[in-house]
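Report on the structure
Below are the chains, spelled out letter by letter.
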Amino acid sequence: MDDVARPPDDAARLERFEARVAREDKVEPNDWMPDAYRRTLIRQISQHAHSEVVGMLPEGNWLTRAPTLKRKAILLAKVQDEAGHGLYLYAATETLGVSREELVEQLLTGAAKYSSIFNYPTLTWADVGAIGWLVDGAAIMNQIPLCRCSYGPYARAMIRICKEESFHQRQGFEIMLTLSRGTQEQKAMAQDALDRWWWPSLMMFGPHDSDSPHTDNSTRWKIKRVSNDELRQRFIDATVPQSKYLGLTIPDPKLKFDKKTGHWRIGEIDWAEFRRVIAGDGPCNRERLADRQTAHDDGAWVRDAALAYAEKRRKQAA
Amino acid sequence: MTEAMMPLWEVFIRAKAGLAHRHVGSVHAADAEMALQAARDVYTRRGEGVSLWVVPSASITASDPAEEAELFEPATAKPYRHPTFYTVPKEVGDM
């Protein structure tokens, strides 16, 4: 709120901006916008882009070990989609006046965050199923309202991403279904994956509304359309019946159906774990960043060579 | 930071023959040929089109959003440019 109070001409512009957003006009890159709006968007969209990029790592772990050629081709297509989603979102962030190079540096130095879910390991093939079903399911729940975000480039990127993401969730559910109808060992593997991914998936929606630091401005500016708790509840209500269909048990002894409201009520989320993983102390934080750093360093000569070649061709043509 | 900036390109796709190319997003690439390759990988994974254009972003000249009113107001102030401005008697039939 600090930079909302500004000199008079900015105050007038701010008023016009807020009126515009209030009547559901989209904001485009060259339009005037308050610094705090720009900063919030850069933080949120780039964090989202980083999440897509880092999100390739846990799944990449299974590319060479997928159980069949069909599963391998599907997983490869999914990982390629994640790369594409990262790129759409980086491009949307860059329209706000920050360069790709700066964004990548913010990820690698740890100045920018990515979704803490990707700091958990993928120990078995069932984890690939659980990620598609739960993690992508939670992501879609988060992303659908973002398709109506007030910032045009972000909204357009989200529409594209949501269209593509639906296959991710369905292929994950199909893996879980196949395992849960398989041998005792396969069913146990599916249950173990659900046990490990359930709570971190619920944490993906962020802190309770009462503890969420970014909600006020973001809601007024129509960046955030639906609150963390509301989205989490929608996800729970959608997912619990699916787990019953799979014949798997949600790892929450306090889970119960509230007949009055028609909602599933969960036990308490372990917020200490959430904060620990965000602060860098999850099972794979260091490994993920080290892998990104290696990929970035290993690609440096390619970027240099491509630029040098383009420069040489320009000179020859001149 | 020492990393050199990779040029930016705007990507346009023709969804199918007969339709105009439409802006879909942007990519970074060292030259036009690599920009086309990147655009193909990033924007056409599901049969989105039959033709791609890439244009250096720096080559685009955009109108100033602050001048929106002056630039486009005259268009809305001339309703007589639209067929619905004119009344044709029913007896005449469709026109």
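Fair warning: this is a prediction, and the values are worked out from it, not measured in the lab. (Residues numbered from 1 in each chain as written. Chains lettered and ligands numbered in written order. Predicted model: local features only at pLDDT ≥ 70, side-chain atom pairs only at ≥ 80, totals over all residues. Heavy atoms only, no water.)

Bringing the nonpolar core into the picture now. One finds Tyr37, Tyr151, Tyr154, Trp197 and Trp198 of chain A to be the most contacted residues of the largest nonpolar core, which totals 90 residues. Here this core takes 12 residues from helix α6 (residues 125–146) of chain A, the largest share from any one element. Apart from residues lying up to four places away in sequence, Tyr151 of chain A is in contact with Val27, Glu28, Pro29, Met33, Tyr37, Leu41, Ile45, Ala92, Thr95 and Leu96 of chain A. Counting five residues, the second largest nonpolar core, distinct from the first, contains Ala306 and Leu307 of chain A together with Met6 and Ala30 of chain B. (Core = buried A, V, L, I, M, F, W, Y, C linked by side-chain atoms within 4.5 Å. Buried < 20%, exposed > 50% of the residue type's maximum accessible area, 1.4 Å probe, protein only. Helix = DSSP H or I, 4+ residues; strand = E, 2+ residues; numbered from the N terminus. Contact = heavy atoms within 4.5 Å.)

Time to look at the pattern of salt bridges. Residue and element names in this part refer to chain A. As enumerated under the stated definition, the model contains 28 salt bridges over all chains in all. Between Lys78 and Glu59 there is a salt bridge, and its shortest N-O distance comes to 2.5 Å. Taken together, the residues span a long stretch of sequence, with Lys78 in helix α4 (residues 69–94) and Glu59 in helix α3 (residues 56–60) at a distance of 19 residues. Across the pair, exposure class does not vary: Lys78 and Glu59 are buried alike. Residue Arg314 pairs with Glu311 through a salt bridge whose shortest N-O separation is 2.8 Å. (Salt bridge = Lys/Arg side-chain N within 4 Å of Asp/Glu carboxyl O.)

This part covers the interface of chain B and chain A. Tallying the contact residues gives 20 residues for chain B and 25 residues for chain A. Here chain B packs against chain A, burying approximately 1,900 Å² in sum over the two surfaces, 57% of which is carbon and sulfur. One salt bridge in this structure joins Arg45 of chain B and Glu164 of chain A, with 2.8 Å as the shortest N-O distance. Counting the contacts that link chain B with chain A gives eight residue pairs in polar contact (both at pLDDT 80 or more). Of all the secondary structure elements, the ones that give two or more residues to the side of chain B that touches chain A are β2 (21–28) and α1 (32–43) of chain B. Class assignment of the residues belonging to the side of chain B that touches chain A gives a composition of 12 nonpolar, two polar and six charged. (Buried area = accessible area lost by both parts, 1.4 Å probe. Polar contact = N/O pair within 3.5 Å; in protein donor to acceptor, adjacent residues only side chain to side chain. Nonpolar A, V, L, I, M, F, W, Y, C, P; charged D, E, K, R; others polar.)

With that out of the way, let us pick up the packing of aromatic side chains. The relation between two aromatic rings is expressed through the spacing of the ring centres and the mutual angle of the planes. Residue and element names in this part refer to chain A. Overall, the coordinates contain 16 aromatic pairs over all chains when judged by the stated rule. A ring pair is formed by Tyr37 and Tyr151, whose centres lie 6.5 Å apart and whose planes are at 75 degrees; its orientation type is edge-to-face. Taken together, the residues span a long stretch of sequence, with Tyr37 in helix α2 (residues 35–54) and Tyr151 in the loop between α6 and α7 (152–180) at a distance of 114 residues. Judged by its relative accessible area of 0%, Tyr151 is buried. A connected cluster of aromatic rings, assembled from ring pairs, spans Phe17, Trp32, Tyr37, Tyr151 and Trp221. (Phe/Tyr/Trp six-rings, centres within 6.5 Å; stacked < 30°, edge-to-face > 60°.)

Another point: the environment of Ser26 of chain B. Within the fold, Ser26 of chain B resides in strand β2. A relative accessible area of 12% means that Ser26 of chain B is categorised as buried. Separated by 30 residues in sequence, Ser26 of chain B and Pro56 of chain B have C-alpha atoms that sit 9.5 Å apart. In this structure Ser26 of chain B touches Ala91 of chain A together with Leu8, Trp9, Glu10, Val11 and Tyr43 of chain B, once residues within four positions along its chain are discounted.

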